[in-house]
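So the chains spell out like this:
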Number of protein chains: 2
Amino acid sequence: MSKPKVFEKPTGVKDYLPDTVARLRRIETDVLECMRKWGYRQIITPTLEYYDTVGVASSTLDRKLFKLLDKKGTTVVLRSDMTAPIARVVASLLKDCEFPLRLSYHSNVFRAFEDEAGREAEFFQTGVELVGDDSPDADAEVVALAIASLKAAGIRRFKIALGHVGFLNGLFREALPGRTEDQSALKERLLQRDHVGYRELLRRFGLDEHVREELESILRLRGGQDICEQARALSSDRMAQEAIRHLCEVWNVLGAYGVSEHVLIDLTMIGDFTYYTGMTFEGYAADLGFPVCSGGRYDNLLQQFDRPAAATGFALKTNRILELAARDSDGEKQPRKVLIAYVPGKVKEALARAAELRAEDDVAVETMRVAPPHGVENEPAGKEPLSAGGGYRLISASRGAQYDEVIEYV
Amino acid sequence: MSKPKVFEKPTGVKDYLPDTVARLRRIETDVLECMRKWGYRQIITPTLEYYDTVGVASSTLDRKLFKLLDKKGTTVVLRSDMTAPIARVVASLLKDCEFPLRLSYHSNVFRAFEDEAGREAEFFQTGVELVGDDSPDADAEVVALAIASLKAAGIRRFKIALGHVGFLNGLFREALPGRTEDQSALKERLLQRDHVGYRELLRRFGLDEHVREELESILRLRGGQDICEQARALSSDRMAQEAIRHLCEVWNVLGAYGVSEHVLIDLTMIGDFTYYTGMTFEGYAADLGFPVCSGGRYDNLLQQFDRPAAATGFALKTNRILELAARDSDGEKQPRKVLIAYVPGKVKEALARAAELRAEDDVAVETMRVAPPHGVENEPAGKEPLSAGGGYRLISASRGAQYDEVIEYV
């Protein structure tokens, strides 16, 4: 096997250059500040976790977990999300803290290298967890906060699709009693948003025509409050009914938040159904094929860490938002760039001026020693070409053009 | 081997709870803002790098590198510092950018688990690299910026010890010509700050008395400008002389920055002598046994990435600074905490009030649905005990005590 070349980095990871970092930091700061105002406080957990604790509890597929061995031979993982680590902390360091707990984070997370091109092995998520509150109001809070966070991140046009795992679970167990594999196959199709495949499966299952039509009709269950009414009529299953009742309550509270225009109910939205236990949602920005956030209720996770509790939350897909921000970054404000060039004899005045300017707000001041013009002082020649002319120009035009202002001390 | 318990995490890594994260974020923000004002722009590089590129180029001892295998069998490392990754980026993505380049970072870095108790496997560094400027002014700039950064981080009393690798290299090759192993042994003692061991070695080497005394005398070479004069007399070696001349120039520019009070020359300060090529420095806070920052000139690193260039920089040991900040955190300002409790029928007014308050600056507003007092509405009983009395108290006294203000909508 050949050695990697000096400039190479592993597959699926990337460098963020200053303009990009400035945008990423702006998103991070504004979103975390928004979350702070809603009472969420930041937490940082380690990059490495035990596979047997956080690894198996995470919602990430096992083959996508980035696994390695520590020196004692224990399997560790690079965290794949922040939800499972936070559950671990809630059940250990924070075990004496009263519920509800509101926690936020901005973090890099990892996936095992994929052979598929363009898949990222390391990327950022910014999110919250609201632990210990099973009310529809808690679900509505995280959806409303996701909306506020997307706005804080500068996303203007987006929609949140809101579903409920319980509705599909209830509907399918009523329509396909005992056929759990068939139920899973249908849910898998919906998770992949593969509506053609979903219809095909239904035809293959040899169902009564009215059952098939009913199950097909859910593909059209997208919209506002009225969708809840239609769904209620579709299934008499207790779990499905309860799900719809809960979702209607969430919808009503979202109305009280004044954010209904951003939300649509989509009962085919199932999220990761091995993980979520109730409401699930995804955010879509206009002009972007991928979701920019996802979240939902996961009431079964905390008990895996021996502190059973209801929980709901979401994560922004920060890298996707960064891509959007890069597209319309004309508005990004650049601080004023100043260069102070000085000959050795004027170093004190020059640096004093730099200190003075740096006390101002939106300014970046670089300093540079340059060789004095010929005859001024007996120093070796500098690296900067000196322009001819009456004055003492110490800085070349090409360098000078990089700054908003050049101040020369000669 | 027994499985880790659910609450356990790998050796040497830690969780940062909200109060600590708030302090860490304050340090990070203030230090990066200080660096930005000096013209340094942030960069982010991947957590994973190839061992054969960044791993071998890093200044971290091989056995302390956190190594693992990727799926193709290539050895990768969790980055051990940011200097080598930045060198890789400067030589690749930024290869067309004119020097000098000023880059800053705040990043977690990794060391292979140590068996010694209390050693951290993951911790934070906040630092800068100034690439493509070999002048004493560039060295002075990073020292002065280290001082400004420590101040921005809230460290009040500290000293920077300033040395030069070239002085010791020159002095030792003059005093112990050809005896490179003995030279390394002496440097190793100085690196460990083991002055007793250093003296012992000198006695064992069987040197002329005046050479031994001379080499011993450098242990007293700590102080201001006058140290430079004394050192100049100690060695006529060209490299040593050149080092002292350079250091005096750095000292003078630091005088022009007005920061001499924080700096002392310490010619026994050698830093990692396999890595640094010129000036080196370390910062010590009063009341803390460990350095809070370290840095220096490393003119040989960039050529390993095929873009030879002078470079100088430093990193703050952010976790040490965090420990200091925790000790005198009385001054940390906490935002006002408000709880808005509402019965279902008042959700709209309550959430409107929350939105209104969240538009203010230093406030965190939580909302909570509570059961209505008996007889007000026909809802199931809530989880909060209702206090008796004339009014409608929805919130228990113990919960209420966690907030600066509780607003109830009943």
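One can find the structure itself at the top, above this paragraph.
A brief report on the enclosed structure follows. Starting afresh in each chain, residues are numbered from 1 along the sequence in its written order. To read the labels, note that chains go from A and ligands from 1, taken in the order they are written. It should be noted that, the model being predicted, local features are given only for residues of pLDDT at least 70 and side-chain atom pairs only at 80 or more, the latter also being counted only at that level, while totals for whole chains, interfaces and linings use all residues. Side-chain calculation: all heavy atoms of the structure are included, whereas hydrogens and water are not.

Once that is clear, we can look at the pairing of strand β9 (residues 263–266) of chain A. All names here are of chain A. When a residue's accessible area, from a 1.4 Å probe over protein chains only, is under 20% of the maximum for its type it is buried; when over 50% it is exposed; and in between it is partly exposed. For helices the rule is a DSSP run of H or I covering at least 4 residues; for strands it is a run of E covering at least 2, with both sets numbered from the N terminus onward. Here β9 shows no split at all, with V263 and I265 on one side and L264 and D266 on the other all buried. Pairing between strand β7 (residues 158–164) and β9: three bridges, direction parallel. By the bridge assignment, I160 is partnered in β9 with V263. Pairing geometry for strand β8 (residues 222–223) and β9, over two bridges, is antiparallel. Following the sheet pairing, G223 is matched in β9 by I265. What makes two strands pair is DSSP finding at least two bridges between them.

By definition, a salt bridge exists where a carboxyl oxygen of Asp or Glu is found within 4 Å of a side-chain nitrogen of Lys or Arg. Evaluated as defined, the whole model comprises 66 salt bridges over all chains. Ionic pairing is found between R336 of chain A and E405 of chain A, a salt bridge with its closest N-O pair at 2.8 Å. Of this pair, R336 of chain A sits in strand β13 (residues 336–342) while E405 of chain A sits in strand β15 (residues 405–409), placing them 69 residues apart in sequence. Judged by its relative accessible area of 30%, R336 of chain A is partly exposed. A salt bridge links R222 of chain B to D266 of chain B; the nearest nitrogen and oxygen atoms lie 2.6 Å apart. One end of the pair, R222 of chain B, is in strand β8 (residues 222–223); the other, D266 of chain B, is in strand β9 (residues 263–266), with 44 residues separating them in the sequence. Several salt bridges share partner residues, and in doing so they unite D137, E242, R245 and E249 of chain A together with R369 of chain B into one network.

Our focus in this paragraph is helix α1 (residues 18–37) of chain A. Every α-helical turn comprises 3.6 residues, leaving residues that sit three or four positions apart pointing alike. Expected helix span is computed as 1.5 Å times (number of residues minus one). The first and last C-alpha atoms of α1 of chain A sit 28 Å apart over 20 residues, in line with the 28 Å expected at 1.5 Å per residue. Residue G39 of chain A follows α1 of chain A closely and has a positive phi angle near 90 degrees.

Let's shift gears to the pairing of strand β10 (residues 279–285) of chain A. Residues and elements named next belong to chain A. Extensive coverage of β10 is indicated by the burial of six of its seven residues. Sheet topology note: the β7/β10 ladder contains seven bridges and is antiparallel. Bridging from a neighbouring strand, H164 pairs with M279 of β10. As defined by bridge partners, β10 adjoins strand β11 (residues 291–297) across five bridges and the pair is classed as antiparallel. Bridge pairing in β11 places T280 opposite G296.

Residues and elements named next belong to chain B. An order of β2-β4-β3 is seen for the three strands of this open sheet, with the pairing classed as antiparallel. Each edge of the open sheet carries a strand with a single partner, namely β2 (48–50) and β3 (66–69). Direction aside, the axes of adjacent strands within the sheet are offset by 40 degrees on average. The sheet contact formed by β3 and strand β4 (residues 75–78) spans four bridges and is antiparallel. Bridge pairing in β4 places L68 opposite V76. For helices, the axis comes from a line fit to the C-alpha atoms of the stretch in contact; other axes are also lines fit to C-alpha atoms, and the angle between any two N-to-C directions lies between 0 and 180 degrees.

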